[in-house]
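This is what each chain is made of:
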Amino acid sequence: MLKKYILAIETSCDDTSIAILDDYTVISCVTKDSTKELNHYGGIVPEIASRKHEEYIIDIYKQCLYESKINPKEIGYICYTNEPGLPGSLHVGEIFAKSLAYFLDIEAYPINHIHAHIFSAFINTKDIDYPFLSLIASGKTTSIFLIEGPTKILELIKTNDDAIGETFDKIAKKLGLGYPGGPKIDSLFDKTKTSLMFPKQSVLDNFSFSGIKSHVLRIIDQQIKSNTLDVVTIASSFMNWAINTLIEKLNYFKTKYDINNICIGGGVASNSLFKSEIKKTFKSSFVPLKEFSCDNAAMIGYLFYQTNLFKK
Ligand code: KG4
């Protein structure tokens, strides 16, 4: 009887990634990031991103097989990202998954990309302690989830408009700090320079960042006009407000559900103030390893394993 491995495919945005897992353990994960090619256009062009997936996917599949030293006949299950993402990019992964599944006479299973990010901190671990809270704070998403099981995922709040990372990026750009803005603002942060006050958000409401963004951009414009631009005070005050907003909402749900474990993901989770505040707020916090924090197929395969939708 051949060993049955999991083959996972991720193509939701600009990373083409394929992984092979032996149950919950990642044997190989090969990812090609098209950022450099796409930078040339000043950002992601959806049509070009899907063409890049189509160009790379077969070579990545071959390299993944080569690194894992397995035969395609040993693949027992295929899973792929089906949402959310750029429609054309998702389509390339789905067609590849379904064609390969047909050829191997096995099933192809869809997996949610954000749910896979939530579980990425546990990759290579067999058992997970439930329940836990999860915060995903990135350039595209700002949501808090209650996780009671791999298929019992409840989104408690999300953003009504901009994501928090996007807001860091836009404010940093206006301050002339460059992209990505989060790390630039973080490196300037000075706790003694947080004198600008911004309105508090109710813990009961969804996140909203577009109002604060416009407000801060207006202050920058006024200071530029009057030749009094204070980059450090604006950057530090905004960061202090943004991180406090995340922590206050997390604290509310921690008390409401009486949960002391949190799993965090997304670029903003690497913020220095956030990291120190989260340690004070929760007994245990889990973050993905660096290689699993960006888009990758290992997390898709891992969530597939955890869902146990297939029977061996
Ligand atoms: O999860 P991620 O790597 O990818 C996408 O969402 O595509 O998140 C990137 C975002 C960017 O907006 C970046 O400015 C923000 O995360 N970010 C940070 C920090 N490092 C990255 N924001 C605040 N503080 C940081 N240290």
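All values derive from a computational prediction rather than experimental measurement.

**Some words on the environment of isoleucine 78**
Along the chain, isoleucine 78 turns up in strand 4 (residues 75-83). Assessed through its relative accessible area of 0%, isoleucine 78 is described here as buried. Put simply, isoleucine 78 and isoleucine 106 are 28 residues apart on the chain and 7.7 Å apart in space, counted from C-alpha to C-alpha.

**Re the site of the ligand**
Surveying the vicinity of the ligand reveals 17 residues, the closest of which are Gly139, Lys140, Asp169, Asp186 and Gly267. One nitrogen or oxygen atom from the main chain of glycine 165 is found 3.1 Å from an oxygen atom belonging to the ligand. Between the ligand and the protein, one listed contact pairs an oxygen atom with a backbone N or O atom of glycine 267 at 2.9 Å. About the coverage of the ligand: the protein hides 79% of its 560 Å² of free accessible area. Every element with two or more residues in the shell around the ligand is listed here: helix 5 (164-174) and helix 6 (181-188). Here the residues of the shell around the ligand are counted per class, giving four nonpolar, nine polar and four charged.

**Things to note about the packing of aromatic side chains**
Taken as a whole and assessed by the stated rule, the structure comprises 14 aromatic pairs. Taken together, a centroid distance of 5.8 Å and an interplanar angle of 20° make the contact between phenylalanine 207 and phenylalanine 209 stacked. Of the two residues, phenylalanine 207 and phenylalanine 209, neither departs from the other in class, the shared state being buried. Between the aromatic rings of tyrosine 252 and phenylalanine 253, the centroid separation amounts to 5.0 Å while the plane-to-plane angle is 70°, which identifies the pairing as edge-to-face.

**Here's the deal with the domain arrangement of the chain**
Looking at the chain, the domain boundaries give domain 1 (5-123 + 293-311) and domain 2 (132-287). At the interface, ten residues of domain 1 touch 13 residues of domain 2. Summed over both partners, the interface of domain 1 with domain 2 comes to about 1000 Å²; 84% of that surface belongs to carbon and sulfur atoms. Broken down residue by residue, the surface that domain 1 buries against domain 2 is led by Ile118, Phe119 and Phe122, which jointly contribute 45%. For the interface between domain 1 and domain 2, the tally reads zero salt bridges. Between domain 1 and domain 2 we count zero residue pairs in polar contact (both at pLDDT 80 or more) in total. When contributions to the side of domain 1 that touches domain 2 are tallied by element, the ones reaching two or more residues are helix 4 (113-119) and helix 10 (297-307). The element best represented in the side of domain 1 that touches domain 2 is helix 4, accounting for five residues. Taken together, the residues of the side of domain 1 that touches domain 2 break down into six nonpolar, four polar and no charged.

**With respect to the nonpolar core**
Leu135, Phe238, Leu246 and Phe274 are the most contacted members of the largest nonpolar core, which has 41 residues in total. Residue assignment for this core shows that the elements contributing at least two residues are strand 6 (132-137), strand 7 (142-149), strand 8 (152-157), helix 5, helix 7 (210-225), helix 8 (231-257), strand 9 (261-265) and helix 9 (272-281). Among the elements that make up this core, the one with the highest residue count is helix 8 (eleven residues). In contact with phenylalanine 274, other than residues within four places in its own chain, are Leu135, Ile243, Leu246, Ile247, Leu250, Ile264, Val268 and Ala269. By size, the runner-up hydrophobic cluster in this structure holds 31 residues, among which are Ala8, Phe145, Cys263 and Met299.

**Examining the pattern of salt bridges**
Applying the stated criterion to the full structure yields nine salt bridges. Of the charged contacts in the structure, one is a salt bridge between lysine 213 and aspartate 162, with a shortest N-O distance of 2.8 Å. Separated by 51 residues along the polypeptide, lysine 213 in helix 7 and aspartate 162 in the loop between strand 8 and helix 5 bring together distant segments of the chain. Taken individually, lysine 213 and aspartate 162 each receive the classification buried, so the pair is uniform in this respect. The salt bridge involving lysine 280 is made with glutamate 277; its shortest N-O contact spans 2.9 Å. Of this pair, lysine 280 and glutamate 277 both sit in helix 9, separated by three residues, roughly a single helical turn. Owing to a relative accessible area of 17%, glutamate 277 belongs among the buried residues under this scheme.

Reading the values: rules and limits
- Residue positions within a chain follow its written sequence, with the count starting from 1.
- Residues qualify for local features only when their pLDDT is at least 70, as the model is predicted, and side-chain atom pairs are given and counted only at 80 or more; totals for whole chains, interfaces and linings, by contrast, use all residues.
- Side-chain numbers come from the whole structure's heavy atoms, not from hydrogens or water.
- We count a stretch as a helix when DSSP gives it H or I for four or more residues in a row; a strand needs E for two or more, and each element gets its number in order from the N terminus.
- Think of it in three bands: residues with accessible area under 20% of the maximum for their type are buried, residues over 50% are exposed, and the middle band is partly exposed, with areas taken using a 1.4 Å probe on protein chains only.
- We define proximity as follows: a residue is near a molecule or strand when any one of its heavy atoms falls within 4 Å of that partner.
- Polar contacts, as counted here, are pairs of nitrogen or oxygen atoms within 3.5 Å of one another; within protein the pair requires one atom able to donate a hydrogen and one able to accept it, and residues that are adjacent in sequence qualify only if both atoms are side-chain atoms.
- A 1.4 Å probe and the Shrake-Rupley method give the accessible areas. Residues count as covered only by the protein chains that appear here.
- Note on residue classes: Ala, Val, Leu, Ile, Met, Phe, Trp, Tyr, Cys and Pro are nonpolar, Asp, Glu, Lys and Arg are charged, and everything else, Gly too, is polar.
- By convention, a stacked pair of Phe, Tyr or Trp rings (six-membered ring in the case of Trp) has centres within 6.5 Å and planes under 30 degrees apart, an edge-to-face pair has planes over 60 apart, and any other such pair is tilted.
- All the domain ranges listed were derived from an automatic or database domain assignment.
- We call two residues contacting when some pair of their heavy atoms lies within 4.5 Å.
- Throughout, the accessible surface (probe 1.4 Å) given up by two parts as they are put together, summed over both, is called the buried area.
- The working definition used for a salt bridge is a side-chain nitrogen of Lys or Arg within 4 Å of a carboxyl oxygen of Asp or Glu.
- In plain words, nonpolar cores are sets of buried Ala, Val, Leu, Ile, Met, Phe, Trp, Tyr and Cys residues tied together by side-chain atoms within 4.5 Å.

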